[in-house]
Amino acid sequence: MGTLDGKRIAFLATDGVEQVELTEPLKAVRDAGAEVDLISLEKGDFQGFNHLDKGDTFTADKAVADANADDYDGIVQPGGVANPDFLRMDPDAVAFFRAFFEAKKPAGVICHGPWMLVEADVVKGRTVTSWPSLKTDLRNAGATWVDEEVVVDEGLVTSRNPDDLPAFCAKIVEEFAEGRHEDAPQPAGSATS
């Protein structure tokens, strides 16, 4: 029996996703027993990248406009420069991502993925890490930024880059197994429960 048996995890990605930041966490979560859905801007294929070179294509199970955070136990937001940049321009993607934080569900966010934390206004008061170029954006949004392999803050797991994937994957499985984090801060502008 896997530690994530009965859990369903959303992976939010689109064109420009850093391929290994999608495939390695996907494998870790599946190997732990979870079901996963690839959610993208549209149902169908999107293009992965190996840094700046085209990688494989992936097929989204659902368009983000048709996805509901209530159907999932957690979310993974991979990086790649273009991926979160495209996603943060889409109101449905931002609302879907934010809903996990409003429900205090665990999230794994790596590399350039933390741009979504800023866009969804869910990072204030949190301690996080990211690709170094996001440090100022995250601090300006109210986060404490640290340069560490993996940071866990009440169910939010962040890492810097693909070299951190072994630690990142281990921690997301652990946090998804724990489930909701009732002590996690309520995002700004959310209704309190």
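It should be noted that the structure appears before, not after, this text.
Residues numbered from 1 in each chain as written. Predicted model: local features only at pLDDT ≥ 70, side-chain atom pairs only at ≥ 80, totals over all residues. Heavy atoms only, no water.

Trainee: Help me out: how do you make sense of the packing of aromatic side chains in this one?
Mentor: We describe a pair of aromatic rings using the distance from one ring centre to the other and the angle between the two ring planes. Summed over the entire model, instances satisfying the criterion amount to four aromatic pairs. Summarising the aromatic geometry, the rings of tyrosine 72 and phenylalanine 96 are spaced 6.2 Å apart at their centres and angled 90 degrees between planes, so their arrangement reads as edge-to-face. Remark: phenylalanine 96 occurs in helix H3 (residues 91–102) and tyrosine 72 occurs in the loop between strand E6 (62–63) and strand E7 (74–77); sequence separation between them is 24 residues. In this structure an aromatic cluster arises from ring pairing among Tyr72, Phe96 and Phe100. The ring of tryptophan 115 is capped by arginine 88, whose NZ or CZ atom sits 4.4 Å from the centre of that ring. (Phe/Tyr/Trp six-rings, centres within 6.5 Å; stacked < 30°, edge-to-face > 60°. Helix = DSSP H or I, 4+ residues; strand = E, 2+ residues; numbered from the N terminus. Lys NZ or Arg CZ within 6 Å of the ring centre and 35° of its normal.)

Trainee: Got a minute to help me understand the sheet that holds strand E8 (residues 107–110) in this structure?
Mentor: The strands making up a sheet are joined through hydrogen bonds of the backbone, oriented either antiparallel or parallel. Sheet architecture is open: seven strands sit in the order E6-E3-E1-E7-E8-E12-E11, paired in mixed fashion. Each having just a single partner strand, E6 and strand E11 (150–153) make up the two edges of the open sheet. Bridge count for E11 against strand E12 (residues 156–159) is four bridges, and the pairing is antiparallel. Bridged to aspartate 153 within E12 is leucine 156. Packing against the sheet, helix H6 (residues 165–178) makes contact with strand E1 (8–12), E7, E8, E11 and E12, and its axis sits at approximately 165 degrees to E8. (Pairing = 2+ DSSP bridges. Contact = heavy atoms within 4.5 Å. Axes fitted to C-alpha atoms, helices over the stretch in contact; angles between N-to-C directions.)

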